[in-house]
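# Summary of structural features
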Amino acid sequence: MPVGEPGTTGKDGPVRARRRTADDGHARRSGGAAARPRRRGVGDGPAGGEVYRRGLSFLRRRWRVLLRLAGWSVLETGQTFLLGYALARALDAGFLAGRPGTGTAWLALAGVGVLAGAYGTGRAYAAVAALVEPLRDRLVERVVARGVREADDGALSALTQQVEIARDTFAGLVMVSRSFVFTAAGAILGLFSLAPPLLLVVVPPLAAGVGLFAATLRPLARRQEEFLVADEALAGQLATVCPGLRDVTAAGAEEPVAAGLAEYVEREAGAARSLARWSVARVAALALGGQLPVVLLLATAPWLLARGVTPGALVGALAYVTQSLLPALNNLVHGLGTGGSRLAVVARRLIRPTEPPGGPAPEPVPRADVPGTRSRPHRSAGDRPDPGGPGADPAGAGHPVGGPSEPTALPPRPPTPALRLCRVTFAHGPDAAPIMEGLDLDVRPGAHLAVVGPSGIGKSTLTLLAAGLLRPSRGTVLLYGEPATSRPAAARRVLIPQEAYVHTGTLAENLALLRPDPVPERELLVATDTVGLGPLLERLGGPGAAVDPAALSAGERQLIALTRAYLSHAPLVLLDEATCHLDPESEERAERAFAGRPESTLVVVAHRITSARRAERVLLMDGPRTAYGTHEELLARSAGYRALVGRWAPASQPALSLGDTDGVDAVAGSGLAGDGRHVVAHGPVGQVQASRDLRDGGTLGGE
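Residues numbered from 1 in each chain as written. Predicted model: local features only at pLDDT ≥ 70, side-chain atom pairs only at ≥ 80, totals over all residues. Heavy atoms only, no water.

### Focus: the overall build of the chain
Threshold: A run of H or I in DSSP counts as a helix once it spans at least four residues, and a run of E counts as a strand once it spans at least two, with each numbered from the N terminus. Only protein chains enter the accessibility calculation, which uses a 1.4 Å probe. A residue is then buried if its area is under 20% of the maximum for its type, exposed if over 50%, and partly exposed in between. Note on definitions: a residue-residue contact is assigned when non-hydrogen atoms from the two residues lie within 4.5 Å. Computed with a 1.4 Å probe, the accessible areas rest on the Shrake-Rupley method; for each residue, only the protein chains presented here act as cover.
Tallying secondary structure elements over the chain gives 19 helices and 15 strands in all. Out of the 703 residues in the chain, the part that is buried amounts to 47%. Pairs at least 24 apart in sequence give 75% of the contacts found in the chain among residues at least 6 apart. A total of about 32,500 Å² of accessible surface is found on the chain, and carbon and sulfur atoms cover 60% of it.

### Quick notes on the side chain of Thr528
Among the secondary structure elements, Thr528 is positioned in helix H13 (residues 521-531). Those residues in contact with Thr528, other than ones at most four positions away along the chain, are Leu511, Leu533, Gly534, Leu537 and Thr563.

### Concerning the nonpolar core
As a reminder, the rule being used: Among buried residues, those of type Ala, Val, Leu, Ile, Met, Phe, Trp, Tyr and Cys that are joined through side-chain atoms within 4.5 Å constitute a nonpolar core.
Counting 38 residues, the largest nonpolar core has Leu419, Leu421, Met436, Leu449, Leu462 and Leu479 as the members making the most contacts within it. Looking at this core, the elements with two or more residues in it are helix H7 (254-299), strand E2 (419-426), strand E3 (436-443), strand E4 (448-452), helix H10 (459-466), strand E5 (474-479) and strand E10 (572-576).

### Section: the sheet that holds strand E13 (residues 627-629)
Using the following cut-off: Here, a strand pair is defined by DSSP locating no fewer than two bridges between the strands. To get an axis, a line is fitted to the C-alpha atoms, and for a helix only the part in contact is used. The angle between two axes follows their N-to-C directions and goes from 0 to 180 degrees.
Spatial ordering of the open sheet is given by E7-E10-E11-E4-E12-E13, a layout of six strands whose pairing is mixed. The open sheet has two edge strands, strand E7 (493-496) and E13, and neither has a second partner. Taken pair by pair, the neighbouring strands of this sheet meet at an average axis angle of 15 degrees, ignoring direction. For strand E12 (residues 617-620) and E13, the ladder comprises three bridges, and the chain directions are antiparallel. Residue pairing in the sheet places Leu620 in a bridge with Ala627 of E13. Docked against the sheet, H10 engages E4, E7, E10, strand E11 (601-605) and E12, running at close to 155 degrees with respect to E10.

### Some thoughts on the packing of aromatic side chains
Our working definition: Between rings of Phe, Tyr and Trp, where Trp is taken as its six-membered ring, a pair exists when centres lie within 6.5 Å; planes separated by under 30 degrees are stacked, by over 60 edge-to-face, and by other angles tilted. Think of it as a cone above the ring: NZ of Lys or CZ of Arg counts as a charge over the ring if it is within 6 Å of the ring centre and within 35 degrees of the ring normal.
What the rule picks out here adds up to four aromatic pairs. Seen in terms of ring centroids, Trp72 and Tyr119 are 5.6 Å apart; in terms of plane orientation they differ by 75 degrees. Their pairing is edge-to-face. Of the two residues, Trp72 sits in helix H2 (residues 63-95) while Tyr119 sits in helix H3 (residues 100-150), which places them 47 residues apart along the sequence. Look at Tyr566 and Phe594: their rings are 5.8 Å apart centre to centre, the planes differ by 75 degrees, and that puts the pair in the edge-to-face class. Placement of the pair is Tyr566 in helix H15 (residues 554-567) and Phe594 in helix H16 (residues 584-595), with a sequence separation of 28 residues. Each member of the pair, Tyr566 as well as Phe594, is classed as buried. Ring pairing ties together the aromatic residues Phe81, Tyr85 and Trp106, which thus form one cluster. The ring of Tyr264 carries the charged tip of Arg267 above its face, separated from the ring centre by 5.5 Å.

### Section: the pattern of salt bridges
For clarity, the cut-off: Counted as salt bridges are all cases of a side-chain nitrogen of Lys or Arg within 4 Å of a carboxyl oxygen of Asp or Glu.
This model, assessed by the stated rule, comprises eleven salt bridges. For the salt bridge of Arg515 with Asp517, the shortest nitrogen-to-oxygen distance reads 3.6 Å. Note that Arg592 is salt-bridged to Glu588, the shortest N-O span being 3.0 Å. Highlighted residues: Arg592 and Glu588, both in helix H16, separated by four residues, approximately one helical turn. Residue classification places Glu588 among the partly exposed residues on the basis of a relative accessible area of 30%. Through salt bridges with shared partners, a single network forms among Glu587, Glu591, Arg608 and Arg614.

### Side note on H10
Most of H10 sits out of view: eight of its eight residues are buried. Those residues of H10 that fall on the buried side of the exposure criterion are Lys459, Ser460, Thr461, Leu462, Thr463, Leu464, Leu465 and Ala466. Remark: Gly468 follows H10 within two positions and exhibits a positive phi of approximately 80 degrees.

### So, the pairing of E11
Quick note on the threshold: The crossover handedness rule: strands pointing away from the viewer, path from first strand over the helix to second strand clockwise, crossover right-handed.
When you tally the buried positions in E11, you get five out of five residues, the bulk of the element. Residues Thr601, Val603 and Val605 line one face of E11 and the alternating positions Leu602 and Val604 line the opposite face, and both faces are buried. In terms of strand pairing, E4 meets E11 through four bridges, oriented parallel. Opposite Leu449, over in E11, you have Val603 as the bridge partner. On the question of chirality, the crossover connecting E10 to the parallel E11 by way of H16 is right-handed.

### As for the environment of Leu511
Mapped onto the elements of the fold, Leu511 is located in helix H12 (residues 507-511). Its relative accessible area of 0% is what places Leu511 among the buried residues. For the pair Leu511 and Leu567, spaced 56 residues apart in the sequence, the C-alpha separation amounts to 7.4 Å. Look past the residues within four positions of Leu511 in its chain and what remains in contact with it is Leu524, Thr528, Leu533, Ile560, Thr563, Arg564 and Leu567.

### Some points on empty space enclosed by the protein
Note the following rule: Here a cavity denotes a set of grid points, spaced 1 Å apart and computed over the protein atoms alone, in which a 1.4 Å probe fits but from which it cannot get out, and a pocket denotes an open set meeting protein on both sides within 12 Å along at least five of seven lines; residues with an atom within 4 Å of a point are reported as lining. Grid points are joined across faces, edges and corners, and a volume is the space filled by probe spheres set on the points.
A full pass over the atoms with the stated rule returns two cavities of 30 Å³ or more. Of the volumes computed, that of the second largest cavity is approximately 30 Å³. Leu419, Leu441, Leu449, Leu462, Thr463, Ala466, Leu574 and Val603 together form the lining of the second largest cavity. A per-element tally of the lining of the second largest cavity places H10 first, with three residues.

### Comments concerning the packing of H15 against H16
The criterion, for reference: When an angle is under 35 degrees it counts as roughly parallel; over 145 it counts as roughly antiparallel; between 65 and 115 it counts as roughly perpendicular; any other value is oblique.
As a packed pair, H15 and H16 sit with axes 11 Å apart at the nearest point and diverge in direction by 10 degrees. As the angle between them shows, H15 and H16 are arranged roughly parallel. Packed against H15, whose contacting residues are Leu562, Ala565 and Tyr566, the element H16 presents Ala590, Ala593 and Phe594 at the interface.

### Looking at unusual backbone geometry
The phi angle at Arg423 is positive, at roughly 50 degrees, despite the residue not being glycine. The phi dihedral of Glu577 falls on the positive side, at around 55 degrees, and the residue is not glycine. Note that Glu577 resides in the loop between E10 and H16.

### Re the pairing of E7
Both faces of E7 are covered, namely the face carrying Arg493 and Leu495 and the face carrying Val494 and Ile496. Of the strand pairs in this sheet, E7 and E10 are connected by four bridges, and their pairing is parallel. Counterpart to Ile496 in the pairing with E10 is Leu575.

### A short note on the packing of H13 against H16
Which entries qualify depends on this criterion: Residue polarity is assigned by list, with Asp, Glu, Lys and Arg as charged and Ala, Val, Leu, Ile, Met, Phe, Trp, Tyr, Cys and Pro as nonpolar; anything else, Gly included, falls into the polar class.
In the contact formed by H13 and H16, the axes pass within 8 Å of each other and the chain directions differ by 130 degrees. One finds that H13 runs oblique with respect to H16. Of the residues in H16, those in contact with Asp529, Thr530 and Val531 of H13 are Arg589, Ala590 and Ala593. Grouping the amino acids of the contact of H13 with H16 by side-chain chemistry returns three nonpolar, one polar and two charged.

### Some details on the environment of Thr425
So the rule is basically this: Distance and chemistry together define a polar contact, namely a pair of N or O atoms within 3.5 Å, with one atom able to donate a hydrogen and the other to accept it when in protein, and with adjacent residues in sequence counting only for side-chain atoms on both sides.
One can find Thr425 in strand E2. For the pair Thr425 and Pro472, spaced 47 residues apart in sequence, the C-alpha to C-alpha distance is 5.9 Å. With sequence-adjacent residues up to four places away left out, Thr425 is seen in contact with Pro434, Met436, Glu437, Gly438, Pro472, Ser473 and Arg474. Within the structure, the side chain of Thr425 is placed 3.0 Å from the backbone nitrogen of Gly438, a separation counted as a polar contact.

Quick look at the structure:
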């Protein structure tokens, strides 16, 4: 039966609901935009040119150390030179000429060169240390100074991790670059000494490989940095979300939180794919400069031998390429390709410019409204939000905002609904059956609405849509004229789910969790007495008493969560089975407290028949057969509601947690449409009723 037919409330009622048919067309999507994480890139922090200039200045001031490093590296050049040259002479002048003694002597000379090169490499490490340690000291001084001046929270991480990464990476880059330069010099000198034609075969592909790598070095470093930044952003987001998984589940915020994390995951995956594509160029450079010369030497061997190149010289050239040039190029490509970008990331963060005093503060990031983390604009003590929203009459004089006050003025506009659903359709997936379809609902400011229906029919989904924690598949959800997913809307609603959240700390800290400022003790005591928390407060020892969540019963935790919501400034209160663990008297007291709260609009997923009787209007959700009206009106015209009331067990004891996917729903009997075998929460534990229709033999079609 469509809601809004004769028998429902008129235009002046505080709540209006109507379900549209499929002929009404497609609904507009919600205009709210979810808060997206700020995208970070390589442009964050100082420019790369600043790092480059500071690096050159640092090296120029230590030219003596660089000369000493180059001097010891000459021994490594001699080792490389003797490796191929001695091998060639050992073959040509020794073993192939029938003089093994000469060949052995040349090999022994190559061994001496290896020893000399090892000694030079050891001394080069000492020179690198003399170059690297001052860099570390400078970075430490800068980090400590910034931490003292700015009270930088990241100073400890920069001091213990980032500085060490910079030192180790810089040392590695110096070593691989030095090794390639002096090794290549020794190999080229050896090739020229053996036979100049060998240079025509080895040097062009080597130069092409190095050139290709140099051309891709900057974009490759940029992609590597983007990947590292994306990985850090994902890790930081996971570190924020994982400790609060219980809160996310309690508030039903799994979908928006998962959607937010998916953006970080997709960003890192995109950076990884881009990095992989550019890494192909690095592999190609290595193959071109280090492996192609081997193939060319073998392919051109007849041509080389015909032009006077000796067999020993050809073997020596192969030794130069395989034992010296290829390893040195491999170290250079992997060292600069990975270590260089790591050094760039760390250096930019360590030497980033200081934000001047009075500089811009970072914008706050909106958060999903889970218990204890609801976003709100800052208000001073006692400031209450305007329940009317845009276009409301704050003075209560019956005139639009800014309108004339004369009796001849235009009639006042109706206040903006506290909650409005316009043609809302929601399904859990593109191929899933809709939980609700084409639903229209207006809840006026100050109204008291009870939502009832069978288990799993979508009552909790309705509250999550109203809270902006779920997005409709079609249609719009507005809170005081703002999209439900927007920050202004988040500041004007509070959702209390069935599983109440209580944290360790004092009782006052738990109750003031949704307030931006300290709650005066008198106001706190009045709220606890109004909601019904007074006996627990007295038993614990007052507002300053410590709270152990594990020692509290489920009902006591719900009372704390209800009082916390009562103390909040949010005018729209959504109670999703939030009193299911309370006895009937405590439940009535809490609901009447919210109904009498100034400027408060109350939407309750009803747990007992008494909740529906207390509400001004009742919304029955039963798939396509939605009904709306007062308790008496629905009894008179809705067979579904009559069957529901008839099967509602006496309100005698709190509900038990039964693991219902829609929350514990003692509202529903076992025979409503779409309901399977339903465990009755008010009857004996384990009592099961068989499924049947509302009239024990008919359907809802004749309603």
